[in-house]
Amino acid sequence: MSNLSKNPEVIRLAHLLGLGRRGNCLERIRKYAHQKVQELVSRFPIDTFDSFLRLISSALGVQIEFITQDEDIDRLAFKHAAISPTIRQQLVAEFLRVDTEGYLLQHPHPMPGDRRFVAFVDARGPRSRRAYFTAWHELTHLLVHPPQLALPGFRRTVVSRIQGDPIESLVNVIAGELAFYEPLFRPILDEETDRIGRLTFGVIDRARVRATPEASLFAAAIASVRLSRMAACVVRVESALRKGEVRELLSPQLSLDNESMTRQLEPRLRVVEVIPNEAAKASSLTIFRNMRVPPRSVLHHAYEAATDVELEAPEDQSWWETTQGGQLPTCHLLVQAIRRGKYVYGLILPGPN
Amino acid sequence: MPAIPGLGKRIAEIRDRRGLTQKELAEQADLSVSFLSEVENEHRDIGTEALLRIAHAIGASLDYLVKGTEPDSEESAKPLLIPPSLHEAAQQRGWSYSVTATVLAAQQSVVARRTPTGRAERPAREWTPADWIKLHASLRLDE
């Protein structure tokens with residue numbers, strides 16, 4: 001996150017938004033987005049996430065259209081035919097031939113009162129879990145779009161197919177916060193947490209269902225950990241190679257010694273995403289991305305389970321090894337692991353001493 | 001929410017343009033027909049929740065419903081400018097003016113796209129002739 005604040009593209013965006021180039025640009029862009037949202041909410045008070053999504057989308061002039069089945073494409077192409085004479089071909093190309101999740105189009109000649117943008121969001125099958133977040137992602141793009149670039153000549157666009165794009169990452173951060181807008185989500189989360197006395201996946205899921213059932217459990221877990229006052233960290237684990245191993249695998253040298261290399265490169269269960277909250281960052285909870293999951297951890301047992309499970313156990317951080325083979329310092333942990341389909345998530349809290 | 005002058009008229013105007021009856025809009029917005037009728041005739045004030053439901057159902061911008069004006073509405077009057085790289089692609093492939101304009105319109109309508117890996121289209125570099133040719137192929141205009 002700190003790297004993102006120093007990224008030249010993020011600094012440029014902050015400059016274009018009139019927020020200056022110095023200091024923590026990520027933080028200033030976040031505040032800018034939240035301030036715009038806050039102004040709207042103060043003028044149009046809302047008390048549900050449905051209303052919140054409707055408010056922000058209508059204020060930004062965005063019509064959100066969820067594609068829940070292939071047949072929706074014809075209906076939506078007909079409904080939004082005025083956007084482009086090739087709207088159907090575009091939607092077919094994006095959603096039936098390419099793996100696009102969200103597609104934001106601008107209306108070239110809107111009539112008075114028409115929304116100027118349409119966000120088509122893939123909500124078919126397993127994508128339905130991510131559709132809610134994708135809708136917020138598209139809205140956030142417009143929320144932090146510099147007004148001086150809001151001309152057709154600059155909107156045309158082009159393609160940066162780079163994974164880990166800084167602006168996309170920035171938009172994801174803000175979208176994650178808006179999708180679980182604190183004034184609406186915190187009271188529900190606090191109420192559910194108080195019933196048990198601590199954060200659990202059960203608490204998070206009950207809060208999610210009450211507040212915004214369209215959201216995924218993982219997105220809700222990230223938001224809940226962020227809002228929790230107690231140290232907590234959410235992780236996603238999957239079988240993966242170390243970064244260095246991936247580099248080796250992609251190296252041209254591999255072809256010289258193919259057999260010996262492929263024999264050594266064996267994916268292990270690793271932390272592929274880790275999101276600690278501020279309290280965790282300030283504590284001795286220090287699990288990092290790419291670390292190997294200890295075989296005796298409940299995270300490992302959940303991964304090996306044949307069906308969906310929820311497991312919890314007291315563990316110790318010293319079971320975890322750094323990529324160089326060193327041990328992490330001792331710290332009692334309470335680890336919850338949950339398997340949902342092919343995904344395994346963990347909730348890590350400081351445990352009782 | 002305080003009364004918004006002209007709101008009812010603007011709701012009725014866009015509802016008519018969408019070809020919706022009061023009954024159909026009331027159903028879509030989960031409101032009663034009598035309530036919608038009173039709002040349209042400006043005999044009744046409206047709360048945020050109902051306003052947002054109506055705005056969503058008729059696909060109207062909040063700015064227009066509340067203020068009766070749109071920001072940046074002059075943008076749509078701009079003439080068509082063919083970028084040099086599109087001109088080059090059109091020459092290479094022998095596209096007609098209408099095909100070239102269609103490809104340009106398709107490209108200009110795109111603001112952003114998102115894929116599972118988070119990749120997206122956004123203003124990062126100028127399009128090359130190859131980009132235009134790829135877009136033209138994806139649109140299958142020759143079929």
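Because the structure is a prediction, the values reported are computed rather than measured.

Along its length, chain A carries 16 helices and nine strands. Out of the 353 residues in chain A, the part that is buried amounts to 54%. Of the contacts formed within chain A by residues at least 6 apart in sequence, a portion of 61% connects residues at least 24 apart. Approximately 16600 Å² of chain A is accessible, and the part contributed by carbon and sulfur atoms is 53%.

On to the packing of helix H4 (residues 49–59) of chain A against helix H7 (residues 128–143) of chain A, then. Residues and elements named next belong to chain A. Running from N to C, H4 and H7 point in directions that differ by 30°, and their axes come no closer than 11 Å. Our classification of the angle between H4 and H7 gives roughly parallel. Between H4 and H7 the crossing geometry is left-handed. Where H4 abuts H7, its residues Phe49, Phe52, Leu53, Ile56 and Ser57 lie against Tyr132, Trp136 and Leu139.

This brings us to the confidence of the model for chain B. All names here are of chain B. Across chain B, the average pLDDT comes to 81, with 78% of residues at 70 or higher. Looking over chain B, one finds the lowest element-wise mean pLDDT in strand S2 (residues 120–122), namely 52, and the highest in helix H2 (residues 22–28), namely 95. Throughout residues 73–78 the model reports pLDDT below 50, and contacts reaching past four residues in sequence, or to other chains, amount to nine contacts. This prediction of the complex comes with two scores: 0.77 for pTM and 0.73 for ipTM.

It is worth spelling out the side chain of threonine 193 of chain A at this point. All names here are of chain A. For threonine 193, the position within the fold is in helix H10 (residues 182–196). Overall, threonine 193 belongs to the buried group, its relative accessible area being 11%. For threonine 193, the side chain forms a polar contact with the main-chain oxygen of leucine 189, separated by 2.7 Å. Leave out the neighbours within four places in its chain, and threonine 193 touches Arg198, Leu199 and Val203.

Turning next to the nonpolar core. Residues and elements named next belong to chain A. Ranked by size, the top nonpolar core spans 96 residues in total, and within it Phe52 and Trp136 carry the most contacts. Two domains each put at least three residues into this core: domain 1 (2–179) and domain 2 (230–350). Once residues within four sequence positions are removed from consideration, phenylalanine 52 is found in contact with Val37, Val41, Ile46, Trp136, Leu178, Tyr181 and Leu184.

So, on to the pattern of salt bridges. All names here are of chain A. Here the structure, examined in full by the defined rule, presents 33 salt bridges over all chains. Between arginine 130 and glutamate 101 there is a salt bridge; the shortest N-O distance is 2.7 Å. Taken together, the residues arginine 130 in helix H7 and glutamate 101 in the loop between helix H6 (87–97) and strand S2 (102–106) connect sequence positions 29 residues apart. Here arginine 236 and glutamate 273 are joined by a salt bridge, their closest N and O atoms 2.8 Å apart. Separated by 37 residues along the polypeptide, arginine 236 in strand S5 (residues 233–240) and glutamate 273 in strand S6 (residues 268–276) bring together distant segments of the chain. Note on arginine 236: relative accessible area 15%, which makes it buried.

Running from amino to carboxyl end, H4 of chain A crosses helix H4 (residues 48–58) of chain B at an angle of 60°, the nearest separation of the two axes being 9 Å. On the basis of their axis angle, the class for H4 of chain A and H4 of chain B is oblique. You can see that H4 of chain A and H4 of chain B cross each other, and the crossing is left-handed. In this structure, H4 of chain A contributes Ser51, Arg54, Leu55 and Ser58 of chain A to the contact, and H4 of chain B contributes Glu49, Leu52, Arg53, Ala55 and His56 of chain B. The residue inventory of the contact of H4 of chain A with H4 of chain B, partitioned by class, reads three nonpolar, three polar and three charged.

Here we come to helix H3 (residues 25–43) of chain A. Residues and elements named next belong to chain A. Spanning 19 residues, H3 covers 27 Å between terminal C-alpha atoms, matching the ideal 27 Å at 1.5 Å per step. The set of residues buried in H3 consists of Cys25, Leu26, Ile29, Tyr32, Ala33, Val37, Leu40 and Val41. Measuring from the side-chain oxygen of the N-cap residue of H3 to the backbone nitrogen of leucine 26 gives 3.3 Å; that N-cap residue is asparagine 24.

Residues and elements named next belong to chain A. For the structure shown, the criterion picks out eight aromatic pairs over all chains. On the basis of an interplanar angle of 65° and a centroid distance of 5.1 Å, the ring pair of phenylalanine 180 and phenylalanine 185 is categorised as edge-to-face. The exposure class of phenylalanine 180 is buried, given its relative accessible area of 1%. Residue class for phenylalanine 185 comes out buried when judged on its relative accessible area of 0%. Connected via pairs of aromatic rings, a cluster forms that spans Phe49, Phe52, Trp136 and Tyr181.

Here we come to the pairing of strand S9 (residues 343–350) of chain A. Residues and elements named next belong to chain A. Counting buried positions along S9 yields six of eight residues, so the element is predominantly enclosed. Pairing analysis gives five bridges linking S5 to S9, with the strands arranged antiparallel. Residue pairing for S9: valine 235 is matched across the bridge by glycine 346. The pairing of strand S8 (residues 332–340) with S9 spans eight bridges and is classified as antiparallel. Counted as the bridge partner of valine 335 is isoleucine 348 from S9.

Take the environment of isoleucine 188 of chain A next. Residue and element names in this part refer to chain A. Position of isoleucine 188 among the secondary structure elements: in helix H10. Distance in space between the C-alpha atoms of isoleucine 188 and valine 203 is 9.9 Å, their sequence separation being 15 residues. When near neighbours in sequence (up to four residues on either side) are disregarded, isoleucine 188 contacts Ala207, Arg210 and Ala211.

This brings us to the environment of leucine 139 of chain A. If you trace the backbone, leucine 139 of chain A turns up in helix H7. Linking leucine 139 of chain A and leucine 53 of chain A, residues 86 residues apart in sequence, is a C-alpha distance of 9.2 Å.

This part covers unusual backbone geometry. Not every positive phi belongs to a glycine, and asparagine 290 of chain A is a case in point at roughly 75°. At aspartate 30 of chain B, a position not held by glycine, the phi torsion is positive, near 55°. Within the secondary structure, aspartate 30 of chain B is located in the loop between H2 and helix H3 (33–40).

What counts as what
- Residues numbered from 1 in each chain as written.
- Chains lettered and ligands numbered in written order.
- Predicted model: local features only at pLDDT ≥ 70, side-chain atom pairs only at ≥ 80, totals over all residues.
- Heavy atoms only, no water.
- Helix = DSSP H or I, 4+ residues; strand = E, 2+ residues; numbered from the N terminus.
- Buried < 20%, exposed > 50% of the residue type's maximum accessible area, 1.4 Å probe, protein only.
- Contact = heavy atoms within 4.5 Å.
- Areas by Shrake-Rupley, 256 points an atom, 1.4 Å probe, with all protein chains shown as cover.
- Axes fitted to C-alpha atoms, helices over the stretch in contact; angles between N-to-C directions.
- Parallel < 35°, antiparallel > 145°, perpendicular 65-115°, else oblique.
- Left-handed = near helix turned anticlockwise from the far one by under 90°.
- pLDDT = per-residue confidence, 0-100.
- Polar contact = N/O pair within 3.5 Å; in protein donor to acceptor, adjacent residues only side chain to side chain.
- Core = buried A, V, L, I, M, F, W, Y, C linked by side-chain atoms within 4.5 Å.
- Domains from an automatic or database assignment.
- Salt bridge = Lys/Arg side-chain N within 4 Å of Asp/Glu carboxyl O.
- Nonpolar A, V, L, I, M, F, W, Y, C, P; charged D, E, K, R; others polar.
- Expected span 1.5 Å × (residues − 1).
- Phe/Tyr/Trp six-rings, centres within 6.5 Å; stacked < 30°, edge-to-face > 60°.
- Pairing = 2+ DSSP bridges.

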